[in-house]
Amino acid sequence: MKLSGGVEWALHCCVVLTTGTEPVPAARLAELHDVSGSYLAKQLQALSRAGLVTSVQGKAGGYVLTRAPELITVLDVVTAVDGERPAFVCTEIRQRGPLASPPEACTKPCAISRAMAGADAAWRAALQAISVADLAAGVEEDYGPEALGGIRDWLTGPTGPGDVTASPPAR
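Before going into details, it helps to say that this report is about the structure given with it.

### Some details on the environment of alanine 87
Stage number 1. Relative to the helices and strands, alanine 87 resides in the loop between helix H4 (74-82) and helix H5 (111-128).
Stage number 2. Sequence-wise, alanine 87 and valine 53 are 34 residues apart; in three dimensions their C-alpha atoms are separated by 25 Å.

Here it is as structure tokens:
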């Protein structure tokens with residue numbers, strides 16, 4: 001399974017958005033993650049189209065989660081960014097070549113297609129079982145309970161978006 005890099009950035013943004021009560025500007029999220037603002041904006045737009053975040057307009061605008069992080073799954077984010085297509089698409093190779101099976105003999109998926117569909121279903125179920133809140137808890141387990149608080153403080157601190165004199169906390 002190969003996911004786009006946008007999934008990683010979108011998941012990181014969702015975790016960061018769990019830390020605050022105020023909208024976080026896209027530029028501030030991009031600065032925190034040291035990624036191109038235009039690249040990150042595409043991921044935030046995908047999350048917005050999927051209803052996972054909303055954009056608040058105005059001087060104090062930015063992005064916020066649309067629901068509790070316990071109600072947003074990793075699969076929700078993956079689907080928002082990379083779409084719903086399955087990892088494997090059968091091309092009915094068994095109907096090709098000199099020993100091709102006729103279409104009427106191929107009424108059910110072959111063993112390879114069934115195995116791949118099962119793996120895809122297991123992968124999706126595993127991602128569905130992990131919430132953004134679980135990821136945030138993992139950050140605290142990995143880096144300590146002050147990690148997300150440090151991010152929140154940096155995001156809402158006295159420095160404004162784009163102020164490069166401030167350093168984001170270690171992640």
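What follows picks up the thread again.
### Observations regarding the environment of methionine 116
Stage number 1. Residue position: methionine 116 is located in helix H5.
Stage number 2. For methionine 116, a relative accessible area of 37% corresponds to the partly exposed category.
Stage number 3. Separated by 33 residues in the primary sequence, methionine 116 and glycine 149 place their C-alpha atoms 41 Å from one another.

### Structural notes on the nonpolar core
Stage number 1. Counting 35 residues, the largest nonpolar core has Leu17, Leu29, Leu40, Leu44, Leu47, Val77 and Leu155 as its most contacted members.
Stage number 2. Those elements that provide at least two residues to this core are helix H1 (5-17), helix H2 (26-33), helix H3 (37-49), strand S2 (62-65), H4, helix H6 (132-143) and helix H7 (146-156).
Stage number 3. Ranked by residues supplied to this core, first place goes to H1 with eight residues.
Stage number 4. The contacts of leucine 44, once residues within four sequence positions are left out, are Cys13, Ala26, Leu29, Val53 and Tyr63.

### Quick word on H3
Stage number 1. For H3, with 13 residues, the first-to-last C-alpha span of 18 Å sits near the 18 Å given by 1.5 Å per residue.
Stage number 2. All buried positions along H3 are accounted for by Leu40, Gln43, Leu44, Ala46 and Leu47. Along the axis of H3, the buried residues cluster in a sector spanning 155°; they form a single face. Exposed and facing more than 90 degrees away from the buried side of H3 are Ser38, Lys42 and Arg49.
Stage number 3. Glycine 51 occupies a position one or two residues after H3 and carries a positive phi of about 80°.

Quick notes on the rules
Residues numbered from 1 in each chain as written. Predicted model: local features only at pLDDT ≥ 70, side-chain atom pairs only at ≥ 80, totals over all residues. Heavy atoms only, no water. Helix = DSSP H or I, 4+ residues; strand = E, 2+ residues; numbered from the N terminus. Buried < 20%, exposed > 50% of the residue type's maximum accessible area, 1.4 Å probe, protein only. Core = buried A, V, L, I, M, F, W, Y, C linked by side-chain atoms within 4.5 Å. Contact = heavy atoms within 4.5 Å. Expected span 1.5 Å × (residues − 1). Arc of directions from axis to C-beta.

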